[in-house]
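This is what each chain is made of:
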Amino acid sequence: MPRIIYPLSEPSTGLFENNPDKTSIEHFKFFHADEGKPLATPWQVALSRAIMLREYQLPEGIILDCACGSGIQISAYSEILKRPIVGVELNENRARASAVNFRTVFTERGDNSLDRLQDSIIVVGDGRNGAEIMSTIASKGLQNQQVAFLHLDPARPRNSRAHALSEMAPRLDEVFAGWKPYLATGKTGPAILLDLSPRLSASQMLEVEDLVEEFWPNTNKTWTWTSRGRGRVDRLALWLGPIAEQNKIRRFVRIPPDPTRTPFIMLGGAPITVIDEATKEPRVTAQRGIYASVIDSALVESGLADDWLETLSFGTDYAWAEAKGRRPVIYHSQPIVNNSSEIGNLVVTTGRIIDLINFDLTIETVDNFVEICLEHDINKVTIRAGLDPDIQPKIQGSLDRQLARRHGSRKAFLLRNSNEENYLLCVTN
Ligand SMILES: C[S@@+](CC[C@H](N)C(=O)[O-])C[C@H]1O[C@@H](n2cnc3c(N)ncnc32)[C@H](O)[C@@H]1O
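Asker: I'd like to hear about the environment of Leu39, residue by residue, with values.
Answerer: Locating Leu39 in the fold gives a position in the loop between strand 3 (29-32) and helix 1 (43-53). On the neighbour-count criterion, Leu39 (19 C-beta atoms within 10 Å) is partly exposed. Sequence separation between Leu39 and Gly69 is 30 residues, and the spatial gap between their C-alpha atoms is 7.2 Å.

Written out as structure tokens, the structure is:
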């Protein structure tokens, strides 16, 4: 029989992994157990997701995380929704860590109405077994309640770039089957948030959609890519039912570096397809005088880059030079007017092409690059090209040292796209 742990009273004795969460402005220190730290949701991500969830009308009932790990996400939901929670975790020490972390968040954020703390529970048990969990928590006065919202962040194989859906623990189909009878289900389906790997392929995303359809036909679905910057997708989640947007398949959430600022959120996009042409194919080649801009690769991955770019001053007057990968690039004839912080976050760099350099950038040729930069009055040039990572810092260091000693006044970057022979020298000011 599963065991209930109470955040109100669970001691932290015997829990050894106690780590600061660097993303929290509150400087939370969270317990993890049995190497649970890499599995835990960063506080800033958990909090911004809970704030987004608050925008939707959830039915009455239980807020449930059926694989709650260290309890970071479930604590954030409780904080923002001001509702008690039920967490379920197979690993007993992690379940205990969840209970202690819940209390930490509750007390350090200054809530003193004890009800929410008293009514929240963590169950050590199998999060696939809805019937068993529901009968365990019946003693807490929850016997006639349905689950208002189900969160699932399954563990996935470590150290592997790709994994099958069947390798998630717990598995989505088993959780759906185990909880279906207990979920409050309205016209648009039950409120479920599946927190999945950003490495899922488009065909795996479609597999997940099919699985959802099997259990709840015609449920609303919104895929959500969350990024904390540096072009990285931190989370890919599927929001379902009343917490999804009607006919809005994709959402991009950029959490700003300053945690006190609200995230940038964009909705729209085309349905997921296996040949997921997130962006248009290259149409133009580089030439002097036009502009080249490196676009945030997480935005491009979400398939919403074109929707966003078309809201900028140049409208549709741009072309993709590099549509995929770590450094997506567009060419355009008008400059980007930088009048909002989104532009600063979503355009990695932008500049006017002033030269095309048709030889390689190596330790041997770096002096020639310096000469070209000096001809263009440049005193700092940043390499934005996929050079060998062992050599790039040396070449960058040499460019920096040599240019700093001279009298240029402009800043620039060097770009090389995969379909271009030349390096593009672009000035930013
Ligand atoms: C990725 S972690 C969840 C992290 C969590 N979102 C947080 O914020 O800390 C997934 C957890 O699922 C747990 N798990 C795996 N199979 C389970 C099952 N059948 N029932 C309950 N928990 C399970 C693992 O022990 C792991 O701690």
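Asker: Let's hear about the site of the ligand: which residues, and what values?
Answerer: The immediate surroundings of the ligand are formed by 24 residues, with Thr41, Ala67, Gly69, Ile72 and Gly127 found nearest. Taken together, the residues of the shell around the ligand sort by class into 11 nonpolar, eight polar and five charged.

Asker: So what about the domain arrangement of the protein chain? Which residues, and what values?
Answerer: What the domain assignment reports for the protein chain is domain 1 (3-268) and domain 2 (291-427). Averaged C-alpha coordinates put domain 1 and domain 2 at centres separated by 39 Å. Facing the 13 residues of domain 1 at the interface are 14 residues of domain 2. Contributing elements (two or more residues each) for the side of domain 1 that touches domain 2: strand 11 (221-227), strand 13 (250-254) and strand 14 (264-268).

Asker: Please set out the environment of Phe413 residue by residue, giving values where relevant.
Answerer: Looking at the element boundaries, Phe413 is found in strand 20 (residues 410-415). Overall, Phe413 belongs to the buried group, with 22 C-beta atoms counted inside 10 Å. Linking Phe413 and Thr428, residues 15 residues apart in sequence, is a C-alpha distance of 7.5 Å.

Asker: Break down the nonpolar core for me, citing the residues and quoting the values.
Answerer: Among the nonpolar cores identified, the biggest contains 104 residues, and Leu150, Leu194 and Leu299 are the most heavily contacted of them. Shared between two domains, this core takes at least three residues from each, and those domains are domain 1 (3-268) and domain 2 (291-427). Excluding anything up to four places from it in sequence, Leu150 contacts Leu64, Cys66, Trp179, Leu183, Pro190 and Ile192.

Asker: Describe the sheet that holds strand 10 (residues 192-196), listing the residues and the values that go with them.
Answerer: Spatially, the 10 strands line up as an open sheet ordered 1-6-5-4-7-10-12-11-13-14, and their pairing is mixed. On the outer flanks of this sheet lie strand 1 (3-5) and strand 14, each paired with one strand and no other. Between one strand and the next, the sheet's axes are offset by a mean angle of 20°, whatever the strand orientation. In this sheet, strand 14 lies alongside strand 13 in antiparallel orientation, the contact comprising five bridges. Residue Phe252 lies in a different strand from strand 14, and its bridge partner there is Met266. Contacting strand 4 (62-65), strand 5 (85-89) and strand 7 (147-152), helix 2 (residues 72-81) runs over the sheet at an angle of about 160° to strand 4.

Asker: Got a sec to walk through unusual backbone geometry? Specific residues and values, please.
Answerer: Most peptide bonds take the trans configuration, and most residues that are not glycine carry a negative phi. Residues Ala169 and Pro170 are joined by a peptide bond in cis, for which omega reads 0°. One can find Pro170 in the loop between strand 7 and helix 6 (172-179). In this model, His27 sits at a positive phi of 55°, which is unusual for a non-glycine residue. Among the secondary structure elements, His27 is positioned in the loop between strand 2 (17-20) and strand 3.

Asker: Just give me the short version of the sheet that holds strand 21 (residues 423-427), but keep the residues and values in it.
Answerer: Pairing in this open sheet of seven strands is mixed, and the strands run 16-17-15-18-21-20-19 from one edge to the other. Each end of this open sheet is capped by a strand with a single partner; those strands are strand 16 (318-322) and strand 19 (378-384). Taking the axes of each pair of neighbouring strands and ignoring which way they run, one obtains an average angle of 35° across the sheet. Pairing geometry for strand 15 (residues 291-295) and strand 18 (residues 347-357), over five bridges, is antiparallel. Bridge pairing in strand 18 places Tyr291 opposite Arg352.

Asker: Summarise helix 7 (residues 202-215); cite the residues concerned and give the values.
Answerer: An ideal rise of 1.5 Å per residue puts 20 Å on 14 residues; helix 7 measures up with 20 Å between its terminal C-alpha atoms. Where the residues of helix 7 are buried, they touch helix 6, strand 10, strand 11 and strand 12 (235-240).

Asker: Help me get a handle on the pairing of strand 21, residues and values and all.
Answerer: In terms of residue burial, strand 21 counts as a mostly covered element, since four of its five residues are buried. In the sheet, strand 20 pairs with strand 21 via four bridges, with the strands oriented antiparallel. Directly across from Leu414, in strand 21, lies its bridge partner Leu425.

Asker: Describe the environment of Arg251, naming the residues involved and giving the relevant values.
Answerer: If you trace the backbone, Arg251 turns up in strand 13. With 22 C-beta atoms counted inside 10 Å, the residue Arg251 sits in the buried group. If we ignore the near neighbours within four places in the chain, the residues touching Arg251 are Thr222, Trp223, Thr224, Ile265, Met266 and Leu267.

Asker: Could you give an account of the packing of helix 6 against helix 7, with specific residues and numbers?
Answerer: Here helix 6 crosses helix 7 at 15°, and the two axes come no closer than 11 Å. Overall, the two elements helix 6 and helix 7 adopt an arrangement that is roughly parallel. Crossing angle aside, the handedness with which helix 6 passes helix 7 is right-handed. Across the interface between the two elements, Leu172, Asp173 and Phe176 from helix 6 touch Val208, Leu211 and Phe215 from helix 7. Of the residues contributing to the contact of helix 6 with helix 7, the split by class is five nonpolar, no polar and one charged.

Asker: Quick one: what's the story with helix 3 (residues 92-108), residue by residue and with numbers?
Answerer: A rise of 1.5 Å per residue sets the reference length of helix 3, with its 17 residues, at 24 Å; its end C-alpha atoms lie 24 Å apart and thus fit the reference within 8%. Along helix 3, 12 of the 17 residues are buried, which leaves the element largely enclosed by surrounding structure. Every buried residue of helix 3 is listed here: Arg94, Ala95, Arg96, Ala97, Ser98, Ala99, Val100, Asn101, Phe102, Arg103, Val105 and Phe106. Residues of helix 3 that are buried in the fold lie against strand 1, strand 3, helix 2, strand 5, helix 4 (115-119) and strand 6 (121-124).

Asker: Please provide a residue-by-residue account of the packing of helix 2 against helix 3, values included.
Answerer: Packing of helix 2 against helix 3 brings their axes to within 9 Å, and their N-to-C directions diverge by 35°. For helix 2 against helix 3, the interelement crossing comes out right-handed. Touching Ile72, Ile74, Ser75 and Glu79 of helix 2 are Ser98, Asn101, Phe102 and Val105, all from helix 3. Looking at the contact of helix 2 with helix 3, its residues break down into four nonpolar, three polar and one charged.

Calculation notes
Residues numbered from 1 in each chain as written. Predicted model: local features only at pLDDT ≥ 70, side-chain atom pairs only at ≥ 80, totals over all residues. Helix = DSSP H or I, 4+ residues; strand = E, 2+ residues; numbered from the N terminus. Buried ≥ 20, exposed ≤ 12 C-beta atoms within 10 Å, placed from the backbone. Near = placed C-beta within 6 Å. Nonpolar A, V, L, I, M, F, W, Y, C, P; charged D, E, K, R; others polar. Domains from an automatic or database assignment. Contact = placed C-beta atoms within 7 Å. Core = buried A, V, L, I, M, F, W, Y, C linked by C-beta atoms within 7 Å. Pairing = 2+ DSSP bridges. Axes fitted to C-alpha atoms, helices over the stretch in contact; angles between N-to-C directions. Expected span 1.5 Å × (residues − 1). Parallel < 35°, antiparallel > 145°, perpendicular 65-115°, else oblique. Left-handed = near helix turned anticlockwise from the far one by under 90°.

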